[in-house]
Amino acid sequence: MIASFPDAQSPNTDAVLWFVKHLWPALHRATNDRLVIGGRRSQETLGPLLPNASREGILLLGELEDVADFYAIPRVIVIPTRFA
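A brief report on the enclosed structure follows. Here the structure is a predicted model, which is why all the values come from computation and not from measurement.

## Observations concerning the nonpolar core
In step 1: One finds F5, V16, V20, L35, I37, L46 and I58 to be the most contacted residues of the largest nonpolar core, which totals 15 residues.
In step 2: Listing elements by their share of this core, those giving two or more residues are α1 (11-22), β1 (35-38) and β2 (58-62).
In step 3: The leading source of residues in this core is α1, at 3 residues.
In step 4: If sequence neighbours within four positions are ignored, L46 has contacts with F5, T13, V16, I37, R41 and L60.

## Some points on the pattern of salt bridges
In step 1: One pass over the structure, following the stated rule, counts 1 salt bridge.
In step 2: Residues D14 and R82 are paired through a salt bridge, measuring 2.7 Å at the closest nitrogen-oxygen approach. You can see D14 sitting in helix α1 and its partner R82 sitting in the segment after α4 (67-72), a full 68 residues away along the chain.
In step 3: The partly exposed category is assigned to R82, whose relative accessible area is 48%.

## Some points on α1
In step 1: Over its 12 residues, α1 extends 16 Å from the first C-alpha to the last, a length consistent with the 16 Å expected when each residue adds 1.5 Å.
In step 2: Here α1 has its buried residues at T13, D14, A15, V16, F19 and V20.

## A closer look at the packing of α1 against helix α3 (residues 42-49)
In step 1: For the pair α1 and α3, the least separation of the axes is 11 Å and the interaxial angle reads 40 degrees. When the interaxial angle is binned, α1 and α3 end up oblique. As for how α1 packs across α3, the hand of that crossing is right-handed. Here T13, V16 and L17 of α1 lie close against α3, whose contacting residues are T45, L46 and L49.

## Quick word on the environment of W18
In step 1: Mapping W18 onto the fold places it in helix α1.
In step 2: In this structure W18 comes out as partly exposed when scored by relative accessible area, which is 34%.
In step 3: Separated by 62 residues in the primary sequence, W18 and P80 place their C-alpha atoms 8.4 Å from one another.
In step 4: In this structure, W18 is in contact with L23 and R82, ignoring residues within four places of it in sequence.

## A short note on α3
In step 1: Buried residues of α3: S42, T45 and L46, and no others. Looking straight down α3, one finds that the buried residues subtend no more than 95 degrees of arc, so they occupy a single side.
In step 2: Next to the buried residues of α3 lie α1, β1 and β2.

Criteria and thresholds
- Residue positions are given per chain, counted from 1 along the sequence in the order it is written.
- For a predicted model such as this one, the threshold for reporting local features is a pLDDT of at least 70, and the threshold for listing and counting side-chain atom pairs is 80 or more; totals across whole chains, interfaces and linings nevertheless cover every residue.
- Excluding hydrogens and water, the side-chain figures rest on all heavy atoms present in the structure.
- Residues belong to one nonpolar core when they are buried, are Ala, Val, Leu, Ile, Met, Phe, Trp, Tyr or Cys, and are joined through side-chain atoms within 4.5 Å.
- Three exposure classes are used, based on accessible area relative to the maximum for each residue type with a 1.4 Å probe and protein chains only: buried under 20%, partly exposed in between, and exposed over 50%.
- Secondary structure elements follow DSSP: runs of H or I of four or more residues count as helices, runs of E of two or more count as strands, with numbering from the N terminus.
- Every residue pair with non-hydrogen atoms within 4.5 Å of one another is taken to be in contact.
- Any carboxyl oxygen of Asp or Glu that lies within 4 Å of a side-chain nitrogen of Lys or Arg is treated as forming a salt bridge with it.
- Here a helix's expected span is defined as the number of its residues, less one, multiplied by 1.5 Å.
- Note on definitions: angles span 0 to 180 degrees between N-to-C directions of axes, and those axes are lines fitted to C-alpha atoms, for helices only across the stretch in contact.
- If an angle is under 35 degrees, it is roughly parallel; if it is over 145, roughly antiparallel; if it lies from 65 to 115, roughly perpendicular; otherwise it is oblique.
- Here a crossing is called left-handed whenever its near helix is offset anticlockwise from the far helix by less than a right angle, and right-handed whenever the offset is clockwise.
- Working note: the arc is built from the helix axis to C-beta atom directions.

Okay, here's the thing in C-alpha cells:
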C-alpha cells in the first residue's frame, strides 16, 4: 500500500490499522508474505501504532521517490478504505 499518513486519525491510517488487525494475520499465516507500506509519514505515523510490525511481516518503507519500482514487485496491491 502507498498512501499519505498525516496523523493517527487519518482515513488511510484507520484503514491500514483495520486491515492489519482483522485481515493481515490470517493472510500472513497462509502465505508468509510481507505487507509493504510506503508513503508520506508512514514510518512516523504507523511505526508507533504497529510496534510489532517487522515480527508480523509488515515493512514500513517511508516516503517513496519513485512508485514505479514499488508497483513492479508485488503480486497483490492492497487498497483498504473504511471512510474517506
